[in-house]
Amino acid sequence: VQLQASGGGLVQRWGSLRLSCAASGRTFSSYAMGWFRRVPGKEREFVATIGWNGGHTNYADSVKGRFTISRDNAKNTVDLQMNSVEPEDTAVYYCAATPYYSGAYYVPSSYAFWGQGTQVTVSS
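About the thresholds
Residues numbered from 1 in each chain as written. Predicted model: local features only at pLDDT ≥ 70, side-chain atom pairs only at ≥ 80, totals over all residues. Heavy atoms only, no water. Buried < 20%, exposed > 50% of the residue type's maximum accessible area, 1.4 Å probe, protein only. Helix = DSSP H or I, 4+ residues; strand = E, 2+ residues; numbered from the N terminus. Pairing = 2+ DSSP bridges. Core = buried A, V, L, I, M, F, W, Y, C linked by side-chain atoms within 4.5 Å. Salt bridge = Lys/Arg side-chain N within 4 Å of Asp/Glu carboxyl O.

Draft legend 1. Up close: unusual backbone geometry. Its identity is not glycine, yet Trp14 carries a phi of approximately 75°, on the positive side. Look at Trp14 and you get exposed, because its relative accessible area is 60%. The phi torsion at Asn76 lies on the positive side, around 60°, for a residue other than glycine. Of note, Asn76 is situated in the loop between β7 (67-72) and β8 (77-82).

See below:
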């Protein structure tokens, strides 16, 4: 599966932004999807994940209550709604896909396919 992330940009603190990830391939609905982010000099960080049927959502503690992950299997898309953003949310955001949903959903190596990333910058 090929992934294309979009929707990044510059947003003010406490503002909102919606990222989207478009997937190619007819088997999208069989993949669990995740969002990760990375800032320069740091490891890729888990943000959120969602199971193949829209259930089994999990979030990093740092975004819980502010971000929402969702998917539309008819459109082959997975979105990340980001509300009440903070400067600490500034990063390149990546979407990822895995055919196997497991307890290691927060580990980048659990995902076989990655999008190219989209930059999110939160100004204070």
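Draft legend 2. Structural context of the pairing of strand β9 (residues 91-98). By the criterion of burial, β9 is predominantly enclosed, with seven of the eight residues buried. Where strand β4 (residues 32-38) meets β9, seven bridges bridge the pair, whose relative direction is antiparallel. Counted as the bridge partner of Arg38 is Val92 from β9. Here β9 pairs with strand β11 (residues 118-123) via three bridges, running antiparallel. Residue pairing for β11: Val92 is matched across the bridge by Gln119. Strand direction decides the pairing type here: β9 and strand β10 (residues 113-114), joined by two bridges, are antiparallel. Looking at the pairing, Ala97 lines up with Phe113 of β10.

Draft legend 3. Focus on the nonpolar core. Judged by nonpolar contacts, the single largest core of 33 residues is most densely connected at Met33, Trp35, Leu80 and Tyr93. Mapped by element, the contributors of at least two residues to this core are β1 (3-6), β3 (17-23), β4, β5 (45-50), β7, β8, β9 and β11. Looking at this core, the element that brings in the most residues is β9, giving five residues.

Draft legend 4. Representation of the pattern of salt bridges within the structure. What the rule picks out here adds up to six salt bridges. The closest approach of N and O atoms between Arg37 and Glu45, which form a salt bridge, is 2.8 Å. Here the salt bridges share partners, and the residues they tie into one network are Arg37, Glu45, Arg66 and Asp89.

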